[in-house]
Amino acid sequence: SRAQEILAGVINKRSVDASDSEIFRTIYAEITHAHLHQSYKTALRVPPANITIVLVSGVLNEIFSTPAFQRGAEVLLDKYDIKHIAPVVDGKKGSRENSLLLRKQIHQYLQDFPEEKLWFFCFSKGGIDTLHFLKSEGENLSLNILGISFIATPLMGSDHVNNRLLKMITTLSRVPEEVSRRILGKKIDILAKELQKSLSRSYRESWFKKYHKSLPKKPFYTAIAFESKWHQSHIWMILTKAFFRSQKSNDGIVDVENAQFPNYFNGFNLGILEGHHLVGSRSSFYDQEALMKAHLIFLHYKNLIK
């Protein structure tokens, strides 16, 4: 009955006595249920949206064949004619370099397509790179950029970066580089200093507290965290949980509490969903389409996109 009350409010665009996270989780649960049970017909509808989704991927995304969440974005393109683009960022580099890459590509895109409205859908460290881009733009940010959604982004950093084991591996950096070369066919400096700095908890907490007021105020900001048990994870996440153990709830890489906005920031914390840190990969069984549709329905309900 509670879910039906919330869904009725969303469908009819009436206010409901529920938190943003409860509203979003209810929408998401309804969409995933409808996907799993073809005979069930939901009254929720993806609203017509004159937007282009900007997919920004995270650390070492070059390993995968496509940008994070592109599989879900392709479904939205086929079903609802919602376009998407994926700026090129370097998963091995720090946020300073990637923010410059984003700035150059987004400026060029808006110059070529001045009528398009952009919604950033940022996964993991891609969200950190986007934050640095936003900070560099400040209030000069184009009005064509409607908002930014952070998916499993270590907004407050990741404790695993400073894990003692990782520090030990740093001193033996040739080993992982050689392994990556042999297994992946190319050398990847997975322990680059700029990359570590971009993700460390001490640096991220300090950066966010110092610069959150410098972020442009016109776009909306949303954040979603994932959590998973070790036995429910992707094989890579099982290994991650085994090596970088945390007593806190996490998705294998990012602790839940670090993937949410602090209380002093005016953003929408959309809660915690079940999932591991690789849900955005093409090979994942995760329902990427449901996550993206739930965002669109929630944002339309809140009058953040039209």
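What you see is a predicted model, and the numbers here were worked out from it, not measured in a lab.

Quick notes on the rules
Residues numbered from 1 in each chain as written. Predicted model: local features only at pLDDT ≥ 70, side-chain atom pairs only at ≥ 80, totals over all residues. Heavy atoms only, no water. Axes fitted to C-alpha atoms, helices over the stretch in contact; angles between N-to-C directions. Helix = DSSP H or I, 4+ residues; strand = E, 2+ residues; numbered from the N terminus. Parallel < 35°, antiparallel > 145°, perpendicular 65-115°, else oblique. Left-handed = near helix turned anticlockwise from the far one by under 90°. Contact = heavy atoms within 4.5 Å. Nonpolar A, V, L, I, M, F, W, Y, C, P; charged D, E, K, R; others polar. Buried < 20%, exposed > 50% of the residue type's maximum accessible area, 1.4 Å probe, protein only. Salt bridge = Lys/Arg side-chain N within 4 Å of Asp/Glu carboxyl O.

**Quick notes on the packing of helix H4 (residues 95–112) against helix H5 (residues 125–137)**
Two numbers describe how H4 lies on H5: the axes approach to 8 Å, and their chain directions differ by 70°. As far as their axial angle goes, H5 and H4 are roughly perpendicular. Relative to H5, H4 is oriented so that their crossing is right-handed. Contact residues: Ser95, Asn98, Ser99, Leu102, Arg103, Ile106 and His107 in H4; Lys125, Ile128, Asp129, Thr130, His132, Phe133, Ser136 and Glu137 in H5. Classifying every residue of the contact of H4 with H5 by side-chain character gives four nonpolar, seven polar and four charged.

**What about the packing of helix H2 (residues 20–36) against helix H11 (residues 288–301)?**
Between H2 and H11, the shortest axis-to-axis distance is 9 Å and the interhelical angle comes to 135°. Comparing their axes, H11 and H2 come out oblique. Both H2 and H11 take part in a crossing whose hand is right-handed. From H2, Asp20, Ile23, Phe24, Ile27, Tyr28, Ile31, Thr32 and His35 reach across to H11, where they touch Glu289, Ala290, Leu291, Lys293, Ala294, His295, Ile297, Phe298 and Tyr301. Split by residue class, the contact of H2 with H11 holds 11 nonpolar, three polar and three charged.

**Section: unusual backbone geometry**
For residues other than glycine, phi is negative in most cases, and the peptide bonds are mostly trans. In the Ramachandran plot, phenylalanine 69 falls in the positive-phi region, its phi being about 70° despite a non-glycine side chain. Along the chain, phenylalanine 69 falls in the loop between strand S1 (52–56) and helix H3 (70–80). Judged by relative accessible area, phenylalanine 69 falls into the buried class, the value being 0%. Located in the positive-phi region is asparagine 303, a residue other than glycine, with phi close to 60°.

**Focus: the pattern of salt bridges**
Counted according to the given criterion, the structure contains 12 salt bridges. Two residues, lysine 217 and glutamate 139, come together in a salt bridge whose shortest N-O distance is 3.9 Å. A residue pair is termed long-range when its members are at least 10 positions apart, and lysine 217 in the loop between helix H9 (201–211) and strand S5 (220–227) and glutamate 139 in the loop between H5 and strand S4 (145–151) qualify at 78 residues. Overall, the relative accessible area of 43% leaves glutamate 139 in the partly exposed class. Arginine 201 is the salt-bridge partner of glutamate 257, the closest N and O atoms lying 3.5 Å from each other. Here glutamate 257, found in the loop between helix H10 (235–243) and strand S6 (268–274), pairs with arginine 201, found in helix H9; they are 56 residues apart in sequence, far enough to count as distant. By relative accessible area, glutamate 257 is classed as partly exposed at 42%.

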